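Here are the chains, one letter per residue:
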Amino acid sequence: MKIPKGLKISQVRAGTGKVAEPGEFALIHYDCYLPRGELCDSSRNLRHPVQLKVGGRLTYPAIAYALPGMRVGEIRSVKASPNLTYYERKQNPKVPPNAMLRYEIELLSVSDEWD
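Along every chain, residues carry numbers that run from 1 in the direction the sequence is written. Given that this is a predicted model, residues contribute local features only at a pLDDT of at least 70 and side-chain atom pairs are listed and counted only at 80 or more, while totals for whole chains, interfaces and linings are drawn from all residues. Excluded from the side-chain calculations are hydrogens and water; all other atoms, namely the structure's heavy atoms, are used.

A. Structural view of the pairing of strand 5 (residues 75–80). Residue burial is assigned from relative accessible area. The probe radius is 1.4 Å, only protein chains are included, and a residue is buried under 20% of its type maximum, exposed over 50%, and partly exposed in between. Each helix corresponds to a stretch of at least 4 residues labelled H or I by DSSP, and each strand to a stretch of at least 2 residues labelled E; elements are numbered beginning at the N terminus. Burial of strand 5 is extensive: 5 of the 6 residues sit out of reach of the surface. Only strands that DSSP links by at least two bridges are regarded as paired with each other. Relative to strand 5, strand 1 (residues 7–13) runs antiparallel, the two sharing 6 bridges. Each residue of the ladder has a partner; that of Gln11, found in strand 5, is Arg76. Where strand 5 meets strand 6 (residues 101–111), 6 bridges bridge the pair, whose relative direction is antiparallel. The residue of strand 6 that forms the bridge with Ala80 is Leu101.

Right under this line is the structure:
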């Protein structure tokens, strides 16, 4: 998958488990931060992880690009321009228009089936 302009993905912690491949289902935790480091969204605040289809079209485009190739246990940091975040559509009132956001994504598990 080609990484679009305006997206920077880096590894925070290496994983040792199964690799997330397109078509599989990934169970993740994510945290989303504003440019000054303020947490604005988190699956941990929802008290449950999020399941997403790897390689699928997601509500979170920046995360969609980061998932393929991640290993279970890995954490990736994703810095995304506004066109690659769902916030430009004003789904979160804490986020100002056209904000660059940073996600931290932790891959918890990978499965062939939706749980």
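B. Region of the structure containing the environment of Arg102. Along the chain, the position of Arg102 falls in strand 6. Here Arg102 falls in the partly exposed class, since its relative accessible area comes to 22%. Along the chain, Arg102 and Thr85 lie 17 residues apart, while their C-alpha atoms are 9.6 Å from each other. Any pair of N or O atoms that falls within 3.5 Å is considered a polar contact. Within protein, one atom must be able to donate a hydrogen and the other to accept it, and sequence-neighbouring residues count only if both atoms are side-chain atoms. A polar contact of 3.0 Å, which involves the side chain of Arg102, links it to the side chain of Glu104.

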